[in-house]
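Per-entry structural report
The residues making up each chain are set out below.
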Amino acid sequence: MEGEHLKQSLFKGFKAGLETTWVLGKVIFPVTLIVSLIQYTPLIDWIVNFISPAMGIFGLNGDAAIPLVIGNFLNLYAAIGAILSFDFTVKEVFILAVMLSFSHNLLIETSVASKVGVKAWIILLVRLGLAFFSAFIIHLFWQGGGEKARYGFIAPSTDAPSEWGEIILNGLEKAAMGVVQLAVIVIPLMILIQIMKDLGWVDKFSKMMEPMIQLLGMRKNTSTTLAAGLIFGLAYGAGVMIQAAKEDGVERRDLTLALIFLVACHAVVEDTLIFVPLGIPVWPLLCIRLMAAVFLTMAVGFFWKKGANIEGKGTAYEHKHHSF
């Protein structure tokens, strides 16, 4: 690539990264601040007390409601810290890991993903539905795992702020760092993608991914979006999606299918390895996420296409009828 073309690629990628950071940052900052404040109010305790009686349906005891609520309001790291505080069985820890891998950091990730144009309730339905359904199936068919889980390490305890001034300051710091972290990942990612586009690598990558993309019912120009979400996470995948919709002409149907896939299976390396210290088998966890994402996306794509065909035939019949 010539120097002048490289400069143009860097500039375009940097500009796209800034725009995406601005769009997503306007969501991440306030939501992170609100969630950071909520954890110091009685709200989480009320939710835990409300859902504790239902834990038995999924083979969990009432204490399991605590890491589930914390993980869904905050993130996986906070949830794992909570799990380490209890003596769960291997089966209970595995069920919690599967549920949390599908459903965590709900408020932030749902808000960010909805900026792509998919209704927030669809994202919530998919994530919570997969979490509850998978937990029920595992509880129903897995008869082992009754021994106590042995954790690989104990999370270091940190002193929580006690005064509201410290709590608000801590929340603002977390919110600001969330946006900074987003920028640190998204801007270089957008620059890299822009350079790959200008070099023609994206087209080659799309060609390699084409069989998988077609299997999932999407067009090949969705491949970059899927790869970004799989590697970097749902929020960053959504950032690439927003840019792809602008530049690559990715249709809403493909964006929706890609988002459904990423809702079920994103940041597969980080979100899988994070559970290693809990002493559970992580390969089954990874396989469950991948299979759920593939089958759900294929099913939605199939019925969507079928519905579109039926609607198309109906329109054609109506046109023919009126022509007579």
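Here the structure is a predicted model, which means the values were calculated and not measured.

1. With respect to the overall build of the protein
When helices and strands are tallied, the protein shows 14 helices and 0 strands. When each of the 324 residues of the protein is scored for burial, the buried share is 47%. Taking the intrachain contacts of the protein between residues at least 6 apart in sequence as the baseline, contacts between residues at least 24 apart amount to 78%. A total accessible area of about 17,000 Å² is found for the protein, and carbon and sulfur atoms account for 68% of it.

2. Regarding the packing of helix H10 (residues 223-232) against helix H12 (residues 252-264)
The geometry of H10 relative to H12 is characterised by a closest axis approach of 10 Å and an angle of 15° between their N-to-C directions. By the angle between their directions, the pair H10 and H12 is classed as roughly parallel. With respect to the hand of their crossing, H10 and H12 are arranged in right-handed fashion. Across the interface between the two elements, Thr 225, Leu 226, Gly 229 and Leu 230 of H10 pack against Ala 258, Phe 261 and Leu 262 of H12. Class assignment of the residues belonging to the contact of H10 with H12 gives a composition of 5 nonpolar, 2 polar and no charged.

3. A few points about the environment of Phe 11
Within the fold, Phe 11 resides in helix H1 (residues 3-38). In sequence terms Phe 11 and Ile 191 are 180 residues apart; their C-alpha atoms lie 7.9 Å from each other.

4. Overview of the packing of helix H2 (residues 43-51) against helix H3 (residues 65-73)
Any two packed helices are characterised by how steeply their axes cross, that is the angle between the axes, and by the distance between the axes. H3 packs onto H2 with a crossing angle of 130° between their chain directions and a minimal axis gap of 9 Å. One finds that H2 runs oblique with respect to H3. Considering how the two elements wind past one another, H2 and H3 form a crossing that is right-handed. In this structure, H2 contributes Ile 44, Ile 47, Val 48 and Ile 51 to the contact, and H3 contributes Ala 65, Ile 66, Val 69 and Phe 73. Residue composition of the contact of H2 with H3, by class: 8 nonpolar, no polar and no charged.

5. Description of the confidence of the model for the protein
Across the protein, pLDDT averages 82, with 88% of residues at or above 70. The spread of mean pLDDT over the elements of the protein runs between helix H11 (residues 234-247), the lowest at 71, and helix H5 (residues 90-102), the highest at 94.

6. Side note on the packing of aromatic side chains
Counting across every chain of the model gives 4 aromatic pairs. Taken together, a centroid distance of 5.5 Å and an interplanar angle of 35° make the contact between Phe 86 and Phe 88 tilted. Seen from their ring centres, Phe 302 and Phe 303 are 5.3 Å apart, and the 75° between their planes marks the pair as edge-to-face.

7. Looking at the side chain of Thr 89
Relative to the helices and strands, Thr 89 is located in the loop between helix H4 (76-83) and H5. Residue contacts for Thr 89: discarding those within four places in its chain leaves Gly 145, Gly 146, Glu 147, Lys 148 and Ala 149.

8. Examining the side chain of Gln 194
Looking at the element boundaries, Gln 194 is found in helix H8 (residues 164-199). Using a relative accessible area of 5% as the deciding quantity, one classes Gln 194 as buried.

9. Things to note about the nonpolar core
Leu 60 and Phe 275 are the most contacted members of the largest nonpolar core, which has 88 residues in total. Once you skip the residues sitting within four places of it in the chain, Phe 275 turns out to touch Leu 76, Ile 80, Ala 97, Leu 100, Ser 101, Ile 280, Val 282 and Leu 285.

10. Quick word on the pattern of salt bridges
By the definition in use, this model includes 3 salt bridges. A salt bridge links Glu 109 to Arg 127, with the shortest nitrogen-to-oxygen separation between them at 3.0 Å. Of this pair, Glu 109 sits in helix H6 (residues 106-114) while Arg 127 sits in helix H7 (residues 120-141), placing them 18 residues apart in sequence. The two residues Glu 109 and Arg 127 agree in class, both being buried.

11. Some points on unusual backbone geometry
Peptide bonds are, in most cases, trans, and in most cases residues other than glycine have a negative phi. If you check the backbone angles, Asn 105 has positive phi at about 50° while not being a glycine. Inspection of the secondary structure puts Asn 105 in the loop between H5 and H6. Here Asn 105 falls in the buried class, since its relative accessible area comes to 14%.

12. Quick word on the environment of Val 48
Tracing the backbone through its elements, the reader meets Val 48 in helix H2. For Val 48, a relative accessible area of 8% corresponds to the buried category. Distance in space between the C-alpha atoms of Val 48 and Ala 65 is 5.5 Å, their sequence separation being 17 residues. Those residues in contact with Val 48 that lie beyond four places of it in its chain are Ala 65, Ile 66 and Val 69.

13. Topic: the environment of Leu 259
Tracing the backbone through its elements, the reader meets Leu 259 in helix H12. Remark: the alpha-carbon pair of Leu 259 and Ala 113, spanning 146 residues in sequence, is separated by 7.6 Å. Those residues in contact with Leu 259 that sit more than four places away from it in its chain are Ala 113, Val 118, Ile 123, Leu 234 and Met 241.

The rules we used
Residues numbered from 1 in each chain as written. Predicted model: local features only at pLDDT ≥ 70, side-chain atom pairs only at ≥ 80, totals over all residues. Heavy atoms only, no water. Helix = DSSP H or I, 4+ residues; strand = E, 2+ residues; numbered from the N terminus. Buried < 20%, exposed > 50% of the residue type's maximum accessible area, 1.4 Å probe, protein only. Contact = heavy atoms within 4.5 Å. Areas by Shrake-Rupley, 256 points an atom, 1.4 Å probe, with all protein chains shown as cover. Axes fitted to C-alpha atoms, helices over the stretch in contact; angles between N-to-C directions. Parallel < 35°, antiparallel > 145°, perpendicular 65-115°, else oblique. Left-handed = near helix turned anticlockwise from the far one by under 90°. Nonpolar A, V, L, I, M, F, W, Y, C, P; charged D, E, K, R; others polar. pLDDT = per-residue confidence, 0-100. Phe/Tyr/Trp six-rings, centres within 6.5 Å; stacked < 30°, edge-to-face > 60°. Core = buried A, V, L, I, M, F, W, Y, C linked by side-chain atoms within 4.5 Å. Salt bridge = Lys/Arg side-chain N within 4 Å of Asp/Glu carboxyl O.

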